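# Close look at the chain arrangement
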Amino acid sequence: MAAKSTTGDNKLPIDWKIVSHDGPPLTNHVGCIIRNSFYIHGGVSKYGSTTASAKLYKLDLGSKTWQDVSVPGSPSLSHHACVVLEDRYMVLIGGWDGRHRVSTLHAYDAQESQWITLRDNGFPEGAGLSSHAAMVLKSGELLIIGREGSLRIQRRHGNAYILTGSVLRGEFTYRKMTNDTSSRSGHTVNSIDNACYIIGGRDDQLVESHAGYHGASSKELDGNLTSQFVDITELVRPMTKQPCGRKNHVAVSGKCCIFIHGGETFDGRSREPVGEMYLLKVKPHLQFHKLGNSQIARASHVCVSNGDVVMFHGGIAGKNVVHGETYELTLANP
């Protein structure tokens, strides 16, 4: 689907093309790429629903076909986070189970097609996680950026935690790192070199960066597609001021850059999801480049990358419609 440019060109330098109409309509779900498959788990099928799904689906990256691969043991969750360990395990962290915010962990073994029970300890009693973000560190530990809150009521904090453990041992331990992060909801966390960048989730302080958090892998940064992000910034004028705050967007790391799409803005213009696309260049200093407005506007969607491909599924569009289409990010032809 073509998109109109807001940069003065006839087309955007990068945009989405549809690859499947047949995915399950879901929002507030999670996803990841393991080997040659795009997995999605949980979420809700109707806007505002509190009934979390336990379904697991897989898209073959070659055939672009979805299939339900649910097996017994899958938890019912929405507003959770997930990471991939050992290119084999899809690890789910926290979320809403239909009644409470939880801090529990679950692992799906993509090689054996089964769920593994995990134990966790160290998280504050009476609290849980929802609309938070997570990433794998080079050390093998997991970085969790709140939102932490009580199990039911709206008392929330912006803490950061480190999760240490392994799927093979079946146990992980939470360790609080800091209370200094801002309270955010529906934010993203990405790593480039030795720093992590927390984007969105509040109406001010759009970007928060912290040194000393090195991501686990560079293949997502230097893939055939993501390595070209920095080249695109040379074609698009930098912005003179940062975009407004936003939440429930998606963000993907690339070479020296983070690609951002969609979400809900805090500027009061509209309560509907936007199609805005940006590249945040982190070196030599933080600088936003607006790529334009894609006609594909989404919020609370799932976006994944292996460096060579960037895809998103589902999410909310205008009039709070929940979608099931899958799109792939493509560069404009020269």
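Residues numbered from 1 in each chain as written. Predicted model: local features only at pLDDT ≥ 70, side-chain atom pairs only at ≥ 80, totals over all residues. Heavy atoms only, no water.

## A few points about the side chain of Arg 298
For Arg 298, the position within the fold is in the loop between β26 (287–293) and β27 (302–305). Here the side chain of Arg 298 touches His 323 through a polar contact of 3.4 Å, side chain to side chain. (Helix = DSSP H or I, 4+ residues; strand = E, 2+ residues; numbered from the N terminus. Polar contact = N/O pair within 3.5 Å; in protein donor to acceptor, adjacent residues only side chain to side chain.)

## A word on the pattern of salt bridges
Taken as a whole, this structure holds ten salt bridges when the rule is applied. The partner of Glu 141 in a salt bridge is Arg 175, and the shortest N-O contact between them spans 4.0 Å. Of this pair, Glu 141 sits in the loop between β12 (133–136) and β13 (142–145) while Arg 175 sits in strand β17 (residues 171–178), and the two are 34 residues apart along the sequence. For Glu 141, a relative accessible area of 22% corresponds to the partly exposed category. The salt bridge partner of Glu 234 is Lys 281, with a shortest N-O separation of 3.4 Å. Remark: Lys 281 occurs in strand β25 (residues 276–281) and Glu 234 occurs in the loop between α1 (229–233) and β21 (246–247); sequence separation between them is 47 residues. (Salt bridge = Lys/Arg side-chain N within 4 Å of Asp/Glu carboxyl O. Buried < 20%, exposed > 50% of the residue type's maximum accessible area, 1.4 Å probe, protein only.)

## Looking at the environment of Val 167
Among the structural elements, Val 167 can be located in the loop between β16 (160–166) and β17. Taking the C-alpha atoms as reference points, Val 167 and Ala 107, 60 residues apart in sequence, are found 7.3 Å from one another. Setting aside residues no more than four positions away along its own chain, Val 167 makes contact with Leu 85, Tyr 89, Val 91, Ala 107, Ile 116, Leu 118 and Phe 172. (Contact = heavy atoms within 4.5 Å.)

## Quick word on the sheet that holds strand β18 (residues 188–192)
Pairing is antiparallel in the open sheet, where three strands are placed in the order β18-β19-β20. Each edge of the open sheet is held by one strand with a lone partner, namely β18 and β20 (207–211). Here the strands of the sheet are splayed against their neighbours by 20° on average, with no regard to which way each runs. Pairing geometry for β18 and strand β19 (residues 195–199), over five bridges, is antiparallel. Across the sheet, Asn 190 pairs through a bridge with Tyr 197, a residue of β19. (Pairing = 2+ DSSP bridges. Axes fitted to C-alpha atoms, helices over the stretch in contact; angles between N-to-C directions.)

## As for the sheet that holds β27
Taken in spatial order, the four strands of this open sheet run β1-β29-β28-β27, and their pairing is antiparallel. Unpaired on one side and paired on the other, β1 (14–20) and β27 mark the two borders of the sheet. Direction aside, the axes of adjacent strands within the sheet are offset by 30° on average. By the bridge criterion, four bridges tie β27 to strand β28 (residues 310–313) in an arrangement that is antiparallel. Each residue of the ladder has a partner; that of Val 302, found in β28, is His 313.

## Some remarks on unusual backbone geometry
Going from Lys 283 to Pro 284, the amide bond is cis rather than trans, its omega being 0°. In this structure, Glu 86 is a non-glycine residue whose phi angle is positive, near 60°. Relative to the helices and strands, Glu 86 resides in the loop between β6 (81–85) and β7 (89–96). Located in the positive-phi region is Ser 300, a residue other than glycine, with phi close to 55°. Mapped onto the elements of the fold, Ser 300 is located in the loop between β26 and β27. Given a relative accessible area of 9%, Ser 300 falls into the buried group.

## With respect to the pairing of strand β29 (residues 326–331)
Where β1 and β29 come together, six bridges link them in antiparallel fashion. Bridge pairing links Lys 17 to Glu 328 in β29.

## Here we look at the environment of His 214
By the secondary structure assignment, His 214 is in the loop between β20 and α1. Look at His 214 and you get partly exposed, because its relative accessible area is 34%. Each C-alpha atom, one on His 214 and one on Arg 246, is 25 Å from the other, the two residues being 32 residues apart in sequence. A polar atom in the side chain of His 214 sits 3.5 Å from the backbone oxygen of Asp 193.

## Observations regarding the confidence of the model for the protein chain
With 91% of its residues at a pLDDT of 70 or more, the protein chain has an overall mean of 91. Every residue in residues 1–9 is under pLDDT 50, and counting partners more than four places away or in other chains gives 27 contacts. In the predicted structure, residues 151–155 sits below a pLDDT of 50 and forms 14 contacts with residues beyond four places in sequence or in another chain. (pLDDT = per-residue confidence, 0-100.)

## With respect to the side chain of Ser 305
Along the polypeptide, Ser 305 turns up in strand β27. Here Ser 305 falls in the buried class, since its relative accessible area comes to 17%. There is a polar contact of 3.0 Å between the side chain of Ser 305 and the backbone nitrogen of Gly 307. Those residues in contact with Ser 305 that lie beyond four places of it in its chain are Ile 33, Glu 220, Thr 226, Val 252 and Val 310.

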